[in-house]
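Each chain, written out:
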Amino acid sequence: MTVSPRLPADPAPLPTTIDGARVVRVLSAGERAVTALVHADGATRVARVIDAACPDSLIDAEVAVHDAVRRAVPALREHVVGLDDLVTLPDGRIALLLEQVGGPPLDTVLAARHGQLALGEAVTLLAPLAEALEAAHAVGLSGIGLSAADVRLRESGAPVVIRLQDARVGPVLPERLRDREPAYAADRAAIARLGATVAAAVAEPGRAGLLAVVRGAELDRPLAPVLFDLAEPLPVRLEMVGREPVDSAAVDGAGGAAVGVAEPLTARSTVSRPEDVAEEPPVPSWLQAALDAARAVGLPTGIIEPVRSTALALGARWGAVVVRPRFLLAGAAGVGALVLALVLGSSSAGVEAAAGDAPLDPGLAPTATVPSAGGEAPELALHPEPGEWQAVVEVLVTRWSACRAAAGSGSSTGGSGDRGDGGAAAASCTASTVHPGSAAHLLLHEADPRHALLERWSAARGEAVVIERMGGAVLIDLITAGTPTASLLIVRSEAGWRVRDVIG
């Protein structure tokens, strides 16, 4: 495999737009390229801007890989990130415009579902990738990313390989000769390791059988057909905060379902088993920031300490994800909020049941709710389409301002935020805007410069750009005049989407 030369540690800055799409934020900067999120006409894509010092041969090889994928059968094309366009920047650099795969990374799902993944879900995750690998070899392609960190899930639940920069296109070999090709053998070993990683998250008693099958892949056994014989594919249950757990045995015993249909994942499935944590690692800075935020909102020690242990256990498996550059750019508070949104879901379920379904005060409804074209309030949509997030965010930000006004009214007319008509209106509004017990719940009733950021975004009729989707937790950038103003972490509850944190 060709090794990429080391490129300058301080890459050249990106322009404000790429092919007419506004650069929202830099996701990562590697030795060969800078990756950024770009947004135009309601669509978000990923721009991979190749460094000017990168040899033409490496650029040509990467483009050739995408060309091979585009010409391949759906088994490969539908499970590898797609190249939408290839453009040249004014300074001469080449940018690959790729589709944005909006779901969570596979390693994140496996960490959250450790010991809870149904065998049928594992088949849904692995079989399409095994078929994609066979299809890749059939067109002479090898070296696609087959680690859990190199695979993301679409919002439909389908696995997608997102790392192709190390892949190479070679001559198409006759099938009888492919077993002798070292690059293909390395791919089969890679998917066997991925299968073992997935198997580690599978609930007993299916784990042992899956391990035996994926280990057989190292012995050149066809993996996909054996996986389908092992269990019926089941929908992959993506994380959703505040739902009751679903018994894995019951899921495994359910009828077959089409591969790639997403369903909510359980909240308590984020908790790793005690025997999986041999020694507690040091508390990283992002987690400490999250725990400090939890204490600030008044969460009891009985909740915070289990969360701390859980997050440390996840960190051992999830470390490569939680320190990804795009999260670091959002700041430790944003990362902590996202992690806490996932691991605190079951803790807040009882509070949500009591307060989360409270209706919006009738007096606030005309200004706080923006019905969708179908007549339903946007924030009630279970799975908003890409073009629907703007309306969801506008509703929540509008309610935020209304709640601020109601809180001021409650303070002046009732003497307190929890007395008088104004106080009742503020309490009702709060329940319809923020997630109970969250950082946003506290922030809403405090003086803070982030309120002005939301007001500025709303007054400018800014854009909402989805940065990260993790089932029932979504990180969204608020863009004003082409510049990120703030970020919102919103989570899905039984009552609809609610704000969990505002990141300035």
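No experiment lies behind these values; they were computed from the predicted model shown.

### Details of the overall build of the protein chain
Reasoning step 1: A count of helical and extended segments in the protein chain gives 18 helices and 16 strands.
Reasoning step 2: When each of the 504 residues of the protein chain is scored for burial, the buried share is 54%.
Reasoning step 3: Contacts in the protein chain between residues at least 24 apart in sequence constitute 67% of all its contacts with a sequence separation of at least 6.

### Overview of the pattern of salt bridges
Reasoning step 1: Counted under the stated rule, the structure contains 14 salt bridges.
Reasoning step 2: Across the salt bridge formed by R25 and D477, the nearest N and O atoms sit 2.5 Å from each other. Of this pair, R25 sits in strand β2 (residues 21-29) while D477 is found in strand β14 (residues 473-480), placing the two residues 452 residues apart along the sequence. Summarising the burial analysis for this pair, R25 and D477 share the class buried.

### Focus: the sheet that holds strand β6 (residues 94-99)
Reasoning step 1: Read across the sheet, 6 strands follow the order β1-β2-β3-β4-β6-β5 without closing on themselves; strand pairing throughout is antiparallel. Looking at strand neighbours, the two that pair on one side only are β1 (17-18) and β5 (83-88), the edges of this open sheet.
Reasoning step 2: Lying on the sheet, helix α1 (residues 56-71) is in contact with β4 (43-50), β5 and β6; it crosses β6 at an angle near 30°.

### Describing the nonpolar core
Reasoning step 1: Core analysis: the largest hydrophobic core is formed by 67 residues, its most contacted members being L76 and L210.
Reasoning step 2: Here this core gets 12 residues from one element, more than from any other, and that element is helix α4 (residues 119-138).
Reasoning step 3: Beyond its immediate sequence surroundings of up to four residues, L76 is in contact with V69, A132, A135, A136, V139 and L141.

### A look at the pairing of strand β13 (residues 463-470)
Reasoning step 1: The buried count for β13 comes to 7 of 8 residues, which makes it a mostly enclosed element.
Reasoning step 2: Examined bridge by bridge, β13 and β14 share 7 bridges and lie antiparallel to one another. Paired with A464 across the two strands is L478, which belongs to β14.

### Topic: α1
Reasoning step 1: For α1, which comprises 16 residues, the first-to-last C-alpha distance of 23 Å matches the rise-based estimate of 22 Å (1.5 Å per residue) to within 8%.
Reasoning step 2: Buried residues of α1: L58, I59, A61, E62, V63, V65, H66, A68 and V69, and no others.
Reasoning step 3: Buried residues along α1 sit against β4, α2 (74-77), β5, β6, β7 (141-142) and β10 (168-169).

### Some remarks on the packing of α4 against helix α5 (residues 182-200)
Reasoning step 1: With their axes 11 Å apart at the nearest point, α4 and α5 run at an angle of 175° to one another. Accordingly, the angle class assigned to the pair α4 and α5 is roughly antiparallel. Residues A122, L125, L126, L129, A130, L133 and H137 of α4 pack against Y184, D187, R188, I191, L194, G195 and V198 of α5.
Reasoning step 2: In terms of residue class, the contact of α4 with α5 is made up of 10 nonpolar, 2 polar and 2 charged.

### With respect to the packing of aromatic side chains
Both the distance between ring centres and the angle between the ring planes are used here to describe each pair of aromatic rings.
Reasoning step 1: Here the structure, examined in full by the defined rule, presents 1 aromatic pair.
Reasoning step 2: With a centroid separation of 5.0 Å and 75° between ring planes, the pair formed by W389 and W497 is classed as edge-to-face. Of this pair, W389 sits in helix α15 (residues 389-413) while W497 sits in strand β16 (residues 496-503), and the two are 108 residues apart along the sequence.
Reasoning step 3: Accessibility expressed as a relative area gives 0% for W497, which makes it buried.

### Notes on the pairing of β5
Reasoning step 1: Note that β5 and β6 share 5 bridges and pair antiparallel. Residue pairing for β6: L86 is matched across the bridge by L96.
Reasoning step 2: Taking the residues that link successive antiparallel strands as the turn, the β5-β6 hairpin has 5 residues, and the phi of G92 there is positive, at about 95°.

### Considerations on α4
Reasoning step 1: Relative to the 28 Å expected for 20 residues at 1.5 Å per residue, α4 spans 28 Å between its end C-alpha atoms, a close match to the ideal helical length.
Reasoning step 2: Positive phi appears at G140, one or two residues downstream of α4, with a value of about 80°.

### Regarding the packing of α4 against helix α7 (residues 223-230)
Reasoning step 1: At a closest axis distance of 9 Å, the pairing of α4 and α7 adopts a crossing angle of 165°. Looking at the two axes, α4 sits roughly antiparallel to α7. Here α4 and α7 pass one another in a crossing that is left-handed. Across the interface between the two elements, L119, V123, L126, A127, A130 and E131 from α4 touch L223, A224, L227, F228 and L230 from α7.
Reasoning step 2: Tallied by class, residues from the contact of α4 with α7 come to 10 nonpolar, no polar and 1 charged.

### As for the environment of R48
Reasoning step 1: Structurally, R48 is set in strand β4.
Reasoning step 2: Each C-alpha atom, one on R48 and one on L37, is 8.9 Å from the other, the two residues being 11 residues apart in sequence.
Reasoning step 3: When residues no more than four places from it in sequence are discounted, the contact partners of R48 are R32, A33, V34, T35, E62, I94, A95, L96, L98 and Q165.
Reasoning step 4: At 2.5 Å, the side chain of R48 and the side chain of E62 are in polar contact.

### Regarding the sheet that holds strand β15 (residues 483-493)
Working definition: the strands of a sheet are paired by backbone hydrogen bonds and lie parallel or antiparallel to each other.
Reasoning step 1: The antiparallel open sheet is built from 4 strands, whose spatial order is β13-β14-β15-β16. Pairing within the sheet leaves two strands with one partner each, and these edge strands are β13 and β16. If you compare each strand with its neighbour and ignore which way they point, the axes differ by 30° on average.
Reasoning step 2: On the sheet, helix α18 (residues 449-459) packs against β13, β14, β15 and β16 and is oriented at approximately 70° with respect to β14.

### Topic: the side chain of H39
Reasoning step 1: Note on placement: H39 falls in strand β3 (residues 33-40).
Reasoning step 2: On the basis of relative accessibility, which here comes to 5%, the residue H39 falls in the buried class.
Reasoning step 3: Apart from residues lying up to four places away in sequence, H39 is in contact with A21, R22, V24, T44, E463 and V465.

### Concerning unusual backbone geometry
Reasoning step 1: The linkage connecting E204 with the following residue, P205, adopts the cis geometry, with an omega of 10°.
Reasoning step 2: Considering the arrangement of structural elements, one finds P205 in the loop between α5 and α6 (206-217).
Reasoning step 3: Not every positive phi belongs to a glycine, and D19 is a case in point at roughly 55°.
Reasoning step 4: With respect to the helices and strands, the residue D19 is situated in the loop between β1 and β2.
Reasoning step 5: Within the chain, R461 stands out as a residue other than glycine whose phi angle is a positive 50°.

Analysis parameters
Residues numbered from 1 in each chain as written. Predicted model: local features only at pLDDT ≥ 70, side-chain atom pairs only at ≥ 80, totals over all residues. Heavy atoms only, no water. Helix = DSSP H or I, 4+ residues; strand = E, 2+ residues; numbered from the N terminus. Buried < 20%, exposed > 50% of the residue type's maximum accessible area, 1.4 Å probe, protein only. Contact = heavy atoms within 4.5 Å. Salt bridge = Lys/Arg side-chain N within 4 Å of Asp/Glu carboxyl O. Pairing = 2+ DSSP bridges. Axes fitted to C-alpha atoms, helices over the stretch in contact; angles between N-to-C directions. Core = buried A, V, L, I, M, F, W, Y, C linked by side-chain atoms within 4.5 Å. Expected span 1.5 Å × (residues − 1). Parallel < 35°, antiparallel > 145°, perpendicular 65-115°, else oblique. Nonpolar A, V, L, I, M, F, W, Y, C, P; charged D, E, K, R; others polar. Phe/Tyr/Trp six-rings, centres within 6.5 Å; stacked < 30°, edge-to-face > 60°. Left-handed = near helix turned anticlockwise from the far one by under 90°. Polar contact = N/O pair within 3.5 Å; in protein donor to acceptor, adjacent residues only side chain to side chain.

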